[in-house]
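Structure assessment
Spelled out from the first residue to the last, the chains are:
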Amino acid sequence: HSVYTGLHSEIEALALSTAEKIRILNEAPPADTPSRASLFAALAAARAEITAVGKDGTTNMGRNSYTFASANAIMAEALPAMSKHGLSFFELTHRINEREMMLEVDYLLAHASGEAMEIKSSTPIVIVKFESGSQTPRDKAVGAARTVDYRYALRNLMCIPAVDASEEEHGRGGEEVRRRDRDRD
């Protein structure tokens, strides 16, 4: 994508005719541009096998609480389908942006063919201050942020909708919920 973005900017700067622009954009990418056809085919095949995940966790936020699909539930749904199609997804590095209190993570989506794609993500690091005056230890807050970030990154990568128990009981999983969640996000 970045090769074509750069190429597109160069073409615009040259003010070439429309026909010349189309000819250049239709040329094959440079030889050193890696193909990801096998990776994307495997990703599509794995996504096709994944259904909705039940919300199995609860978080209390003061007077409010909400349910969510845990990292374990997301992994239990995604990882077998990914493995079956030769995909792996893991953290390469993480950094803490001290100024914004954000965890910045670089993941790698890799295929058995050797094709790979880096994915960047970020999540706030939340330090909770309790009424007693104590607060969440920094290492625990960073660990929680890493778990949350991985859960969202994997969920978004694999397009996994999360459903409430009432939706599961009424058979509203799968594609109907998946479309609704995509529209909501």
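Residues numbered from 1 in each chain as written. Predicted model: local features only at pLDDT ≥ 70, side-chain atom pairs only at ≥ 80, totals over all residues. Heavy atoms only, no water.

1. Observations concerning the side chain of D106
Short version of the rule: By the criteria applied, helices consist of DSSP H or I runs no shorter than four residues and strands consist of E runs no shorter than two, each listed in order from the N terminus. Within 3.5 Å is the distance limit for a polar contact, defined as a pair of N or O atoms, with the added protein rule that one can donate a hydrogen and the other accept it, and that residues adjacent in sequence qualify only through two side-chain atoms. By the convention used here, residues are in contact when the closest approach between their heavy atoms is within 4.5 Å.
Checked against the element boundaries, D106 lands in strand β5 (residues 102-111). Side-chain polar atoms of D106 contact the side chain of R95, separated by 3.0 Å. A polar contact of 3.2 Å, which involves the side chain of D106, links it to the side chain of K120. For D106, the contacting residues outside a window of four places in its chain are F90, E91, L92, T93, R95, E118, I119 and K120.

2. Digging into the confidence of the model for the protein
Defined as follows: Values of pLDDT, the confidence the predictor places in each residue, fall between 0 and 100.
Of all residues in the protein, 69% have pLDDT values of 70 or greater, and the mean over the chain is 79. Scored below 50 in pLDDT, residues 1-17 makes 15 contacts in the model with residues more than four places away or belonging to other chains. Note that pLDDT drops below 50 for residues 177-185; the model gives that stretch 17 contacts with residues more than four away or on any other chain.

3. Things to note about the packing of helix α3 (residues 37-49) against helix α5 (residues 138-158)
In plain terms, the rule: Lines are fitted to the C-alpha atoms to define the axes, a helix being fitted only along its stretch in contact, and any angle between axes, read from their N-to-C directions, falls within 0 to 180 degrees. Here the word oblique covers every angle except those under 35 degrees (roughly parallel), over 145 (roughly antiparallel) and from 65 to 115 (roughly perpendicular). Three categories are distinguished: nonpolar for Ala, Val, Leu, Ile, Met, Phe, Trp, Tyr, Cys and Pro, charged for Asp, Glu, Lys and Arg, and polar for the others, with Gly belonging to the last.
Relative orientation of the contacting elements α3 and α5 amounts to 95°, with a least axis distance of 9 Å. In terms of axis orientation, α3 runs roughly perpendicular to α5. Across the interface between the two elements, L43, A46 and R47 of α3 pack against N156, L157 and M158 of α5. Here the contact of α3 with α5 is built from residues that sort into four nonpolar, one polar and one charged.

4. Some remarks on a nonpolar patch on the surface
Our working rule: Patch membership needs two things, relative accessible area over 30% and no salt bridge, and members are linked within 9 Å if like-charged or within 5 Å if nonpolar (Val, Leu, Ile, Met, Phe, Trp, Tyr). Residue-level accessible areas treat just the shown protein chains as cover; the underlying method is Shrake-Rupley with a 1.4 Å probe. Note on definitions: salt bridges are taken to be side-chain nitrogens of Lys or Arg within 4 Å of carboxyl oxygens of Asp or Glu.
On the surface, V126, V128 and F130 cluster together into a nonpolar patch covering about 260 Å² of accessible area. Along the chain, F130 turns up in the loop between β6 (116-124) and α5.

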